[in-house]
Amino acid sequence: MPATDSLRPMTSVQVDQTREFVASLDEKSETYWDMVTIGDVLSRDLHLSAELVILYADAVEDFNPWYEGWLMNRWHMEGESPFGGAIVPPMLISHFVLSVQFDHTKPFAIGSIHTFHDTQIHKPVPVGSTVRIQTTAVDKFTKRDRRYVRHEVEVTDVEDATLYLSETRDILSL
């Protein structure tokens, strides 16, 4: 096992991932403005398991019983909400959008700040669904001598294309 800080022991996988990340910092970094072209589309699928929902709800201390599609020693259950079964906290999905907006196959982007966010929730997402999060770079603009990239986001069901959520997001770039 590789030596690590004794106050923060790491597995060999964690050590390898950390070393890979640190080595990647030597690659040519660009500003987000320079990395993105209007029309760029990125997407990923996300399975919204009952376990993911509970972990998120616990982390943000949102203990709404509508989100409970999991119970100790009973594991998966339908749950109850005014929409039928258990639903996903809407902002859980919004949290994952940033992981889609940045193309992780490119070198590290520097100097980016998320500055604007407008979310429209169209339908509640049932716990257990798999959604596709798709972001499209739709504009680049300058405001008060600062550069921004605007993205339009759609979150749809992978199986039947139901539109659950749409967003507009701006990212300030150096």
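Below: a short report on this structure. Everything numeric here is computed off the predicted structure, so don't read it as measured data.

Rules of the game
- Residues numbered from 1 in each chain as written.
- Predicted model: local features only at pLDDT ≥ 70, side-chain atom pairs only at ≥ 80, totals over all residues.
- Heavy atoms only, no water.
- Pairing = 2+ DSSP bridges.
- Helix = DSSP H or I, 4+ residues; strand = E, 2+ residues; numbered from the N terminus.
- Axes fitted to C-alpha atoms, helices over the stretch in contact; angles between N-to-C directions.
- Core = buried A, V, L, I, M, F, W, Y, C linked by side-chain atoms within 4.5 Å.
- Buried < 20%, exposed > 50% of the residue type's maximum accessible area, 1.4 Å probe, protein only.
- Polar contact = N/O pair within 3.5 Å; in protein donor to acceptor, adjacent residues only side chain to side chain.
- Patch = residues over 30% accessible without salt bridge, like charges linked within 9 Å, V, L, I, M, F, W, Y side chains within 5 Å.
- Areas by Shrake-Rupley, 256 points an atom, 1.4 Å probe, with all protein chains shown as cover.
- Salt bridge = Lys/Arg side-chain N within 4 Å of Asp/Glu carboxyl O.
- Contact = heavy atoms within 4.5 Å.

A few points about the sheet that holds strand β6 (residues 112-121)
Hydrogen bonding along the main chain pairs the strands of a sheet, whether they run parallel or antiparallel. Taken in spatial order, the five strands make up an open sheet running β2-β7-β8-β9-β6, and their pairing is antiparallel. Two strands in the sheet have a free side with no partner beyond their single neighbour: β2 (41-47) and β6. If you compare each strand with its neighbour and ignore which way they point, the axes differ by 20° on average.

Notes on the nonpolar core
Counting residues in each nonpolar core, the largest one holds 19 residues, and the members touching the most others are Leu-48, Ile-93, Val-131 and Ile-133. Those elements that provide at least two residues to this core are α3 (50-59), α4 (90-101), β7 (130-143), β8 (146-157) and β9 (163-173). Ranked by residue count, the leading element in this core is α4, at four residues. Grouped together as the second largest cluster of nonpolar side chains are six residues, Trp-33, Ala-137, Val-149 and Ile-171 included.

Let's talk about the side chain of Glu-167
With respect to the secondary-structure elements, Glu-167 resides in strand β9. A polar atom in the side chain of Glu-167 sits 2.6 Å from the side chain of Ser-94. Here Thr-119 takes part through its side chain, which lies 2.8 Å from a polar atom of the side chain of Glu-167.

Looking at a nonpolar patch on the surface
Residues Phe-21, Val-22 and Leu-25 make up a contiguous nonpolar surface patch of roughly 260 Å² in combined accessible area. By the element assignment, Val-22 lies in helix α1 (residues 12-24).

A closer look at unusual backbone geometry
A positive phi angle is found at Asp-145, which is not glycine, with a value near 60°. By the secondary structure assignment, Asp-145 is in the loop between β7 and β8. Take Asp-145: its relative accessible area is 77%, and that puts it in the exposed class. Although it is not a glycine, Ala-161 sits at a positive phi angle of roughly 65°. Its location among the elements puts Ala-161 in the loop between β8 and β9.

Let's talk about the pairing of β8
The pairing of β7 with β8 spans 12 bridges and is antiparallel. In the sheet register, Lys-143 faces β8, and the bridge partner there is Arg-146. A loop of two residues connects β7 with β8, the two strands running antiparallel in sequence, and Arg-144 in this loop sits at a positive phi of about 50°. In this structure, β8 lies alongside β9, joined through 10 bridges in antiparallel fashion. Its bridge partner being in β9, Glu-154 is matched across the sheet by Ser-166. Counting the residues that bridge the hairpin from β8 to β9 gives five residues, and of these Ala-161 lies at a positive phi of roughly 65°.

Digging into the environment of Val-149
If you trace the backbone, Val-149 turns up in strand β8. Along the primary structure Val-149 and Thr-37 are separated by 112 residues, whereas in three dimensions their C-alpha atoms are 9.1 Å apart. With sequence-adjacent residues up to four places away left out, Val-149 is seen in contact with Tyr-32, Trp-33, Val-36, Asp-139, Lys-140, Arg-169, Asp-170 and Ile-171.

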